[in-house]
Amino acid sequence: MINTFHTSYNPPPPPVPPRAGYNRPRPAGNTSLVKFLSVMLLLLMILTFGGFLYLFQKLNVQLQDSYHEDFILKRLQECADSSMGEESMTECGKLMERYKTVIEKVSQANEKLSKLTGGGAHFIGPAAHMVALTVPKDKTSDFLKTSSLVWDKDHSLLQDVKISKERDKLTIQYPGIYFIYSQVTFSRNNPSSSLKQSIRSTVPKKEQGKELLKSFCTLKPGTSNMCTASVTGVFHLEKDQQISVTVTNTSLVNRDSCSFGLFKLR
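Read on for an overview of the structure. All values derive from a computational prediction rather than experimental measurement.

**Notes on the overall build of the chain**
Line of reasoning, step 1. Along the chain, the regular secondary structure elements total 2 helices and 10 strands.
Line of reasoning, step 2. Along the chain direction, N to C, the helices and strands of the chain fall in the order α-α-β-β-β-β-β-β-β-β-β-β.
Line of reasoning, step 3. Counting only residues that meet the buried cut, the chain has 26% of its 266 residues in that class.
Line of reasoning, step 4. As displayed, the chain has an accessible area near 20,300 Å², and 58% of this comes from carbon and sulfur atoms.

Quick look at the structure:
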């Protein structure tokens, strides 16, 4: 029997084997750049994770400290309650002893720091030391317009004490017992009256003031000498009470040698 079926499909020829020593060309690529970017991305991820971990840890410590402080303060408030039992009062006593120890250590550390820095002991509380307004700064002659001495705020010490707008009075902010001092030097004599300085007190809502202290000095007529009147005292001062220094005549005062101040004893 004769096979009459035939097709037009012809299979492709087999691939030609590569020649010896021939290498197929590789596609061009930035291998070094990709590696560099990968390393940078990895470092960025590590730094980001480390930063978040550090912030979380720090916030957690702060929250724990805040909670501990609130708990201690609440416990101290409970200790102030007299209705607590004996066991609770014993615990409060131990808590206070711990706090006293911590406070003593902090005080000792502050003293050592002051000695190292040369600062010495620092006064804590209301205090003031005033120097008179000098002639070059007294452009409007405020010093000569009143019997009260006018003070140079820029070159004076003011700590928890206010000075009036006219710069002639100190206003007490915290009541207590104060040490007050004043020194006034006169360079000229007054033939009609003695050379006098006085420390006066003015209480709010009262028109008349009160003389707390006074002192005098004497100059011989026709001489160019100077004399100094000094005064000190201890007084109980109330809040908003005002203290000032008055003299016989402000034109007779040597401004370079005048001072006035106070500080709270208790």
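**Examining the sheet that holds strand 9 (residues 242-247)**
Line of reasoning, step 1. The strand order across the open sheet built from 5 strands is 3-4-9-6-7, with neighbouring strands paired in antiparallel fashion. Each edge of the open sheet carries a strand with a single partner, namely strand 3 (161-163) and strand 7 (210-217). Between one strand and the next, the sheet's axes are offset by a mean angle of 20°, whatever the strand orientation.
Line of reasoning, step 2. Here strand 3 pairs with strand 4 (residues 169-172) via 3 bridges, running antiparallel. The residue of strand 4 that forms the bridge with Lys162 is Thr171.

**Remarks on the sheet that holds strand 5 (residues 176-186)**
By definition, the strands of a sheet pair up through backbone hydrogen bonds, in either a parallel or an antiparallel sense.
Line of reasoning, step 1. The sheet built from 5 strands is open, its strands ordered 2-1-10-5-8 with antiparallel pairing. Bordering the open sheet on either side are strand 2 (157-159) and strand 8 (227-237), each of which pairs with just one other strand. Across the sheet, the axes of successive neighbouring strands diverge by a mean angle of 10°, strand direction being ignored.
Line of reasoning, step 2. Pairing analysis gives 6 bridges linking strand 5 to strand 10 (residues 259-264), with the strands arranged antiparallel. Note that in strand 10 the partner of Gln183 across the bridge is Ser259.

**Notes on the pattern of salt bridges**
Line of reasoning, step 1. One pass over the full model with this rule turns up 2 salt bridges.
Line of reasoning, step 2. Where Lys196 meets Glu211, a salt bridge forms, and the shortest distance between an N and an O atom there is 3.2 Å. Here Glu211 lies in strand 7 and Lys196 lies in strand 6 (residues 195-202), a separation of 15 residues in the sequence.
Line of reasoning, step 3. Judged by its relative accessible area of 25%, Lys196 falls in the partly exposed class.
Line of reasoning, step 4. Judged by relative accessible area, Glu211 falls into the partly exposed class, the value being 29%.

**Brief notes about the environment of Glu211**
Line of reasoning, step 1. In sequence terms Glu211 and Ser198 are 13 residues apart; their C-alpha atoms lie 6.7 Å from each other.
Line of reasoning, step 2. Beyond its immediate stretch of four places on either side in the chain, Glu211 contacts Lys196, Ser198, Ile199 and Arg200.
Line of reasoning, step 3. At a separation of 3.2 Å, a polar atom in the side chain of Glu211 contacts the side chain of Lys196.

**Concerning the state of the cysteines**
Where two cysteines share a covalent bond between their sulfur atoms, that bond is called a disulfide.
Line of reasoning, step 1. A complete count under the given rule lists 1 disulfide for this structure.
Line of reasoning, step 2. In this model Cys217 forms its disulfide with Cys227; the gap between the sulfur atoms is 2.2 Å. One disulfide, between Cys217 and Cys227, carries an S-S torsion of 40° and so falls in the right-handed class. In this pair, Cys217 sits in strand 7 while Cys227 sits in strand 8, placing the two residues 10 residues apart along the sequence. For the pair formed by Cys217 and Cys227, the shared burial category is buried.

What counts, and where the lines are drawn
Residues numbered from 1 in each chain as written. Predicted model: local features only at pLDDT ≥ 70, side-chain atom pairs only at ≥ 80, totals over all residues. Heavy atoms only, no water. Helix = DSSP H or I, 4+ residues; strand = E, 2+ residues; numbered from the N terminus. Buried < 20%, exposed > 50% of the residue type's maximum accessible area, 1.4 Å probe, protein only. Areas by Shrake-Rupley, 256 points an atom, 1.4 Å probe, with all protein chains shown as cover. Pairing = 2+ DSSP bridges. Axes fitted to C-alpha atoms, helices over the stretch in contact; angles between N-to-C directions. Salt bridge = Lys/Arg side-chain N within 4 Å of Asp/Glu carboxyl O. Contact = heavy atoms within 4.5 Å. Polar contact = N/O pair within 3.5 Å; in protein donor to acceptor, adjacent residues only side chain to side chain. Disulfide = S-S within 2.5 Å.

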